[in-house]
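Descriptive analysis of the structure
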Amino acid sequence: GSCRQQVVYHICSTPQRPRTMPLAPTIAASGGVVSKRDRGGEVQKYLADAEKMAALGRHAEALQRLDDAASIAFRHGSSMEHPSVAAAALLANVQMLLQGGAWPKSEPSLDRQLREALRLARKSKARSRELEGRLQLALSQALFAKPGKTAADLDAAVEARRCAAE
């Protein structure tokens, strides 16, 4: 059967300000079973846990679950049955980090994570133009926020914003 994907958006609020956070894309497939070798189920579990932690006001734990999901997604997204699950996890993680206002010092960088997420979203059997547009917009925001950005980064940010608008 064919696979439909739907990105579910949830609200994660902090004492500073409310935030919209895309979380677990749900896979509705006939048969609906994720292969044990496929890490997509693990990513979805971390995303669901992040949602629960955020709803309980446990934001540090929610951020850790998002980071865990993004780490698996970055390393194993290419081998997942539904690479868009990995793309959505990377997007959720980067958006939360950007909303936090600080560019993390760890690798991979936010722009590198988003470029990988775009590659994964484009690789998906059932492509989502909405997901790709959100990734382009997030890439633009990340590049504008990047410390030590170059002229090439600014050009790429403008191009990503143009692509997101299409």
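All values derive from a computational prediction rather than experimental measurement. The residue count restarts for each chain, going from 1 along the sequence in the order it is written. Predicted model: local features are reported for residues with pLDDT of at least 70 only, side-chain atom pairs are reported and counted for 80 or more only, and whole-chain, interface and lining totals are derived from all residues. Side-chain figures throughout are based on the complete set of non-hydrogen atoms in the structure, without hydrogens or water.

**Some remarks on the overall build of the protein chain**
- Counting from the N terminus, the helices are DSSP H or I runs at least four residues long and the strands are E runs at least two residues long. A tally of regular secondary structure across the protein chain gives 6 helices and 2 strands.
- N-terminal to C-terminal, the α/β element order of the protein chain is β-β-α-α-α-α-α-α.
- Relative accessible area decides the class of each residue, using a 1.4 Å probe on protein chains only: under 20% of the type maximum gives buried, over 50% gives exposed, and in between gives partly exposed. Split into buried and exposed, the 166 residues of the protein chain put 41% on the buried side.
- Exposure was quantified through the Shrake-Rupley algorithm and a 1.4 Å probe, taking into account, for residues, occlusion by the shown protein chains and nothing else. Carbon and sulfur atoms provide 53% of the accessible area of the protein chain, an area that totals close to 8900 Å².

**Concerning the packing of helix α1 (residues 40–55) against helix α2 (residues 59–76)**
- Working convention: axes come from line fits to C-alpha atoms, limited for helices to the stretch in contact. Angles between N-to-C directions cover 0 to 180 degrees. The interhelical angle for the contact between α1 and α2, taken along N-to-C directions, is 165°, at an axis separation of 8 Å. Put simply, α1 runs roughly antiparallel to α2. Classified by chirality, the crossing of α2 by α1 is left-handed. The segment α1 lies against α2, with E42, V43, Y46, L47, D49, A50, M53 and A54 engaging H59, E61, A62, R65, L66, D68, A69, I72 and A73.
- When its residues are assigned to classes, the contact of α1 with α2 shows 11 nonpolar, 1 polar and 5 charged. For classification, angles of less than 35 degrees are called roughly parallel, those exceeding 145 degrees roughly antiparallel, those between 65 and 115 degrees roughly perpendicular, and all remaining angles oblique. By convention the crossing between two helices is left-handed if the near helix lies anticlockwise of the far one by an angle smaller than a right angle, and right-handed if it lies clockwise. In what follows, residue pairs with any heavy atoms lying within 4.5 Å of each other are defined as contacts. When residue character is reported, Ala, Val, Leu, Ile, Met, Phe, Trp, Tyr, Cys and Pro are called nonpolar, Asp, Glu, Lys and Arg charged, and the others, Gly included, polar.

**Focus on a nonpolar patch on the surface**
- Residues qualify for a patch when their relative accessible area is over 30% and they have no salt bridge, like charges being joined within 9 Å and the nonpolar side chains of Val, Leu, Ile, Met, Phe, Trp and Tyr within 5 Å. Here, a salt bridge means any side-chain nitrogen of Lys or Arg that lies within 4 Å of a carboxyl oxygen of Asp or Glu. A contiguous nonpolar surface patch, about 240 Å² in accessible area, is contributed by F144, L154 and V158.
- The class for F144 is partly exposed, based on a relative accessible area of 36%.

**A few points about α2**
- Helix length check: α2 (18 residues) gives 25 Å between terminal C-alpha atoms against 26 Å at 1.5 Å per residue, within 8%.
- The set of residues buried in α2 consists of H59, A62, L66, A69, A70, I72 and A73. Axial view of α2: buried residues confined to an arc of 165°, hence all on one face. Exposed residues lying more than 90 degrees from the buried face of α2 are A60 and R75. Given a helix with a known number of residues, its expected span is that number minus one, times 1.5 Å. What the arc describes is the spread of directions from the helix axis to the C-beta atoms.

**Brief notes about the environment of H82**
- With respect to the secondary-structure elements, H82 resides in the loop between α2 and α3 (83–99).
- For the pair H82 and G40, spaced 42 residues apart in sequence, the C-alpha to C-alpha distance is 7.0 Å.

**Section: the confidence of the model for the protein chain**
- Confidence of the predictor at the level of single residues is captured by pLDDT, which takes values from 0 to 100. Overall, the predicted model of the protein chain reaches an average pLDDT of 80, with 78% of residues at or above 70.
- In this model residues 1–36 is a low-confidence stretch, pLDDT under 50, and it forms 81 contacts with partners more than four residues away in sequence or in other chains.

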